[in-house]
Amino acid sequence: MASAEELVESCSDIFTLPEVYFRVRDVVDDQNSSMEDLANALKIDPAISARLLKIVNSPLYGFPKQVDTVTRAVNLLGMQAVSDLVTATTVGRTFSGLPTDLMDVPAFWRKSILCALLAGKIAKACGVQDSERFFIEGLLRDIGHLVLYQTVPQRAHSALVEADNLNTPLAEVEQSNIGCDFAEVGAALIRHWGMPPQIEQAIRHQLDPAEAGEFSLHASIIHIAGSIADDETASAEKKQQELPYHAFALTSTKFNPQERPALTTEAHTQVDDMLQLFSPMAMAA
């Protein structure tokens, strides 16, 4: 049995974010930095700059006029939003080309994109400000499974099969078979990357949002988005009439489950466009 931290450390040389991510983060963390500093940091990586412009001009933002320069994108979105987008695109680049023989990688990223879209839409429906920021948390919600399938692929796959056959929560089986679950491993990776604490805590406590303390709203939204994404991508016989939302998540967000059909329909219409922007397959293209 290995801890989540040990699994992440064992493959830390594989899961390395590019230099542009750290440069952008340094600018955002520096209170004396300007929008021009951020634009200059982005310009060291033309591929990321081009990807950022594609995202800014996508339906995710819906600006009425074409945004044609990085400087203008930075000024329109602000530092934190740009930092979040750089995170999403660099994560996609990091995982492009990784061998995962036992994992359906395209299906994994499709569900991750769906969860990301749902997280933003749920946050907006619940009246949360800066709801776009939840996109990155939803995108990374299941990132721990990529680590598990790189480090203990046979046990990770066996846990998935066992959970499916016994109709038991996957995290519970992973705890028994591996010693940690995907949420713990994902949070350990987020901490290893030095990402903001609200992202780490949202991932770590998505299964029990009440444990997330000051970040319980983040964990609650990711819990709801993840529950819906899991059900939306499940086989017909595994779909549930009513999802087992954590009571704390519903209370803290005031999310109305009856809003799910409209939100999921809207999210599904955007998945393919977002896959072209954020998935590793897009990064490798």
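Basis of the calculations
Residues numbered from 1 in each chain as written. Predicted model: local features only at pLDDT ≥ 70, side-chain atom pairs only at ≥ 80, totals over all residues. Heavy atoms only, no water. Helix = DSSP H or I, 4+ residues; strand = E, 2+ residues; numbered from the N terminus. Rg over C-alpha atoms; globule rule 2.2 N^0.38 Å. Buried < 20%, exposed > 50% of the residue type's maximum accessible area, 1.4 Å probe, protein only. Contact = heavy atoms within 4.5 Å. Lys, Arg positive; Asp, Glu negative; His and termini not counted. Charge placed at Lys NZ, Arg CZ, Asp CG, Glu CD. 1 Å grid on protein atoms, 1.4 Å probe; cavity = no way out; pocket = protein on both sides within 12 Å on 5 of 7 lines; lining within 4 Å. Points joined across faces, edges and corners; volume = space filled by probe spheres on them. Nonpolar A, V, L, I, M, F, W, Y, C, P; charged D, E, K, R; others polar. Phe/Tyr/Trp six-rings, centres within 6.5 Å; stacked < 30°, edge-to-face > 60°. Salt bridge = Lys/Arg side-chain N within 4 Å of Asp/Glu carboxyl O. pLDDT = per-residue confidence, 0-100.

Caption draft 1: Molecular detail of the overall build of the protein. The helix and strand inventory of the protein stands at 17 helices and zero strands. Relative to the 2.2 N^0.38 estimate, which gives 19 Å for 285 residues, the radius of gyration of the protein is 18 Å and therefore close to what a compact globule would have. Over its C-alpha atoms, taken along the principal directions, the protein stretches across nearly 55 × 45 × 35 Å. Here the protein holds 285 residues, and the buried ones make up 51% of them. A separation of at least 24 residues holds for 68% of the contacts in the protein among residues at least 6 apart in sequence. Each charge class in the protein can be summarised by its mean position, and for the 21 positive and 38 negative side chains these summaries are 7 Å apart.

Caption draft 2: Here's a closer look at the layout of surface pockets. Taken as a whole, the largest pocket spans an internal volume of roughly 1,500 Å³. Along its surface, the largest pocket is lined by 38 residues, and Lys111, Leu160, Leu170, Asp230 and Ala234 are the ones closest to its centre. Mapped by element, the contributors of at least two residues to the lining of the largest pocket are α7 (105–125), α9 (144–151), α10 (153–166), α11 (170–177) and α14 (216–232). In terms of residue count, α14 provides more of the lining of the largest pocket than any other element does, six residues in total. Among the residues forming the lining of the largest pocket, the class breakdown is 17 nonpolar, twelve polar and nine charged. Of the pockets and cavities examined, the second largest pocket occupies roughly 310 Å³. Considering the residues around the second largest pocket, the lining is formed by 15 residues, among which Leu60, Gly120, Lys121, Lys124 and Glu132 are closest to the centre. For the lining of the second largest pocket, the element with the highest residue contribution is α7, accounting for six residues.

Caption draft 3: Up close: the packing of aromatic side chains. Under the counting rule described, the total for this entry stands at four aromatic pairs. An angle of 90° between the planes, with centres 5.2 Å apart, marks the rings of Phe108 and Trp109 as edge-to-face. An angle of 80° between the planes, with centres 6.3 Å apart, marks the rings of Tyr245 and Phe255 as edge-to-face. Residue Tyr245 is located in the loop between α14 and α15 (247–253), and its partner Phe255 is located in the loop between α15 and α16 (260–278); the two are separated by ten residues in the primary sequence. Here Tyr245 matches Phe255 in class, with each residue buried.

Caption draft 4: Main features of empty space enclosed by the protein. Under the definition given, this model contains two cavities of 30 Å³ or more. In this model, the largest cavity occupies a volume close to 90 Å³. Looking at the largest cavity, the residues that line it are Leu60, Tyr61, Ala81, Asp84, Leu85, Glu132, Arg133, Phe135 and Ile136. Elements supplying a minimum of two residues to the lining of the largest cavity: α6 (79–94) and α8 (134–139).

Caption draft 5: Highlighting the pattern of salt bridges. Per the stated rule, a full pass over the model turns up eleven salt bridges. The salt bridge partner of Arg133 is Asp84, with a shortest N-O separation of 2.8 Å. Residue Arg133 is found in the loop between α7 and α8, and its partner Asp84 is found in helix α6; the two are separated by 49 residues along the sequence. As a salt-bridge pair, Asp231 and Arg260 come within 2.9 Å of each other at their nearest N and O atoms. Of the two residues, Asp231 is situated in helix α14 and Arg260 in helix α16; the sequence distance between them amounts to 29 residues. Each of Lys111, Arg141 and Asp230 takes part in salt bridges that share partners, so that together they form one network.

Caption draft 6: Focus on the confidence of the model for the protein. Of the residues in the protein, 96% have a pLDDT of 70 or more, and the chain-wide mean is 90. The element-level mean pLDDT for the protein is lowest in helix α17 (residues 280–284), coming to 55, with α14 highest at 97.

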